[in-house]
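Results of the structural survey
The chain contents come next:
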Amino acid sequence: METVPKIPDHEITPPNVYFNRRSFMRAGLVAASTISSVSAYRLFNPARTKVATTTPLAGLQQSTETESDLMARGWRVAEEKTPESSVLSYNNFYEFTTEKEGVAAAAKDFSTDGWQLLVDGMVAKPRNWSIDDLHAISPPQERVYRMRCVEAWSMVIPWAGVPLAHILESVEPMPSAKYVAFETLFDPSRMPGQLTDVLQWPYVEGLRIDEAMHPLTLLATGLYGKLLPPQDGAPVRLVTPWKYGFKGIKSIVRITLLAEQPPTSWNRYSAREYGFYANVNPTVDHPRWSQATEQRIGESGRRKTLMFNGYEEQVAELYKGMDLTQHF
Ligand SMILES: Nc1nc2c(c(=O)[nH]1)N[C@H]1C(S)=C(S)[C@@H](COP(=O)(O)O)O[C@H]1N2
Ligand SMILES: [Mo]
């Protein structure tokens, strides 16, 4: 990047601000002049979020496969997990707030009682699912995945959930179904961020059907062995670990199978910056910043971003022959 124009706060919070502040806090009150006034303000007025404890996830399956088989599938990663406290307190969820460290507090009273997930469109058997219904056809499995935000920070998260393929197979997609559209709840009385126009609501996402059926694609209902907390997308969110984090749409109420590619929220916001595919790719930079490296939460220094976020062996086949600089 040659020039870095002023980036509105809601689009990207440079992770180095967050981390400088954290290491500064560890180091004690030494380098006050090196941090920005914003982080200095926050340092002395810490908005410490009380992180909600959540309910254990019943029926989490113990895998019978060996660790190396699970790693070959991409279902485990041999990297340190991001501390649970960071996964629960550093979030993007614009339906509540654009302040990453404020999501947990802003979402803490979000009730998901009686949640229904409608799966419809080009399927033989459309139906409404409760979270228990999802777990009844496919007991929750643990998946330890890398998560790479388009803003160039990353985590390693132990999710629990149901392969999306199991749900889609049970509603019997028609041959004409080529894409899968996802939609977050729209209810400004419960999601106050929806009273602002920072994005067009509801948040929507989409996958090609072969991406949706891929064994890495998870409907997550838990993390760290517990039910998903509100700030991470309760009660059910998408996880596609080889794609940028914004594909992982939270608090899903509807999944619709379609013949045509559906609109997606960040692509609608800025098509030249955020593509439909959003595959992690260190060689295709965001127009305003490099994607070659990332800040792993809790680490000092940066690490190299991996092609398809390290899932090349599992997913490269899906994109054979495609120009990834065009289909970014
Ligand atoms: N509905 C909805 N889903 C969303 C978002 C959002 O603002 N609204 N943010 C996305 C972005 S940019 C990221 S990086 C991940 C963050 O997930 P996490 O907070 O559980 O780490 O959620 C994604 N899903
Ligand atoms: Mo993100």
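What comes next is a walk through the structure. (Residues numbered from 1 in each chain as written. Chains lettered and ligands numbered in written order. Predicted model: local features only at pLDDT ≥ 70, side-chain atom pairs only at ≥ 80, totals over all residues. Heavy atoms only, no water.)

A word on the overall build of the chain
In terms of helices and strands, the chain carries ten helices and twelve strands. Counting every position in the chain, which comprises 328 residues, the buried fraction comes to 52%. Carbon and sulfur atoms make up 54% of the accessible area of the chain, which totals about 15000 Å². (Helix = DSSP H or I, 4+ residues; strand = E, 2+ residues; numbered from the N terminus. Buried < 20%, exposed > 50% of the residue type's maximum accessible area, 1.4 Å probe, protein only. Areas by Shrake-Rupley, 256 points an atom, 1.4 Å probe, with all protein chains shown as cover.)

Quick notes on the site of ligand 1
Near ligand 1 lie 16 residues; those nearest to it are Tyr-94, Glu-95, Asp-232, Gly-248 and Lys-250. In the model, a nitrogen atom of ligand 1 is placed 2.8 Å from a nitrogen or oxygen of the Gly-248 main chain. Look at ligand 1: alone it shows 530 Å² of surface, and the protein chains cover 98% of it. In this structure, ligand 1 is accommodated by the largest cavity. Residues of the shell around ligand 1, tallied by class, amount to seven nonpolar, five polar and four charged. (Near = heavy atom within 4 Å. Polar contact = N/O pair within 3.5 Å; in protein donor to acceptor, adjacent residues only side chain to side chain. 1 Å grid on protein atoms, 1.4 Å probe; cavity = no way out; pocket = protein on both sides within 12 Å on 5 of 7 lines; lining within 4 Å. Sits in = over half its atoms within 2 Å of the grid points. Nonpolar A, V, L, I, M, F, W, Y, C, P; charged D, E, K, R; others polar.)

Considerations on the pattern of salt bridges
If you walk through the whole model with that rule in mind, you get 19 salt bridges. Ionic pairing is found between Lys-108 and Asp-109, a salt bridge with its closest N-O pair at 3.5 Å. The exposed category is assigned to Asp-109, whose relative accessible area is 64%. A salt bridge links Glu-211 to Lys-243, with the nearest nitrogen and oxygen atoms 2.8 Å apart. Here Lys-243 lies in the loop between strand E9 (237-239) and strand E10 (252-258) and Glu-211 lies in helix H8 (residues 209-212), a separation of 32 residues in the sequence. With respect to class, Glu-211 is no different from Lys-243; both count as buried. Each of Glu-79, Arg-146, Arg-148, Glu-294, Arg-296, Glu-299 and Arg-303 takes part in salt bridges that share partners, so that together they form one network. (Salt bridge = Lys/Arg side-chain N within 4 Å of Asp/Glu carboxyl O.)

Here we look at the environment of Pro-263
Assignment of secondary structure puts Pro-263 in the loop between E10 and helix H9 (265-269). For the pair Pro-263 and Phe-182, spaced 81 residues apart in the sequence, the C-alpha separation amounts to 9.8 Å. Leave out the neighbours within four places in its chain, and Pro-263 touches Val-204, Glu-205 and Arg-268. (Contact = heavy atoms within 4.5 Å.)

Thoughts on the packing of aromatic side chains
Overall, the coordinates contain 13 aromatic pairs when judged by the stated rule. For the pair Tyr-179 and Phe-276, a centre-to-centre distance of 6.0 Å together with 75° between the ring planes defines the contact as edge-to-face. With Tyr-179 in strand E5 (residues 179-184) and Phe-276 in the loop between H9 and strand E11 (293-296), the pair connects residues that are 97 residues apart, well separated along the chain. Per residue, the accessibility class of Tyr-179 equals that of Phe-276, and both read buried. Centroid distance Trp-266 to Tyr-269: 5.0 Å. Interplanar angle 65°. Geometry classified as edge-to-face. Of this pair, Trp-266 and Tyr-269 are both found in helix H9, three residues apart, which corresponds to roughly one turn of the helix. Note on Trp-266: relative accessible area 8%, which makes it buried. Judged by relative accessible area, which is 32%, Tyr-269 ranks as partly exposed. Members of the aromatic cluster, joined through ring pairs, are Tyr-94, Phe-246, Trp-266, Tyr-269 and Tyr-274. Across the ring face of Tyr-311, the terminal group of Arg-146 is positioned such that the distance to the ring centre comes to 5.3 Å. Directly above the ring of Phe-276 sits Lys-247, whose terminal nitrogen or CZ lies 4.4 Å from the centroid. (Phe/Tyr/Trp six-rings, centres within 6.5 Å; stacked < 30°, edge-to-face > 60°. Lys NZ or Arg CZ within 6 Å of the ring centre and 35° of its normal.)

Remarks on the side chain of His-135
By the element assignment, His-135 lies in helix H6 (residues 131-137). Residue contacts for His-135: discarding those within four places in its chain leaves Leu-57, Pro-140, Val-162 and Thr-221.

A word on the environment of Ala-181
Secondary-structure assignment places Ala-181 in strand E5. Owing to a relative accessible area of 14%, Ala-181 belongs among the buried residues under this scheme. If we ignore the near neighbours within four places in the chain, the residues touching Ala-181 are Glu-205, Gly-206, Arg-254, Ile-255, Thr-256, Leu-258 and Pro-262.

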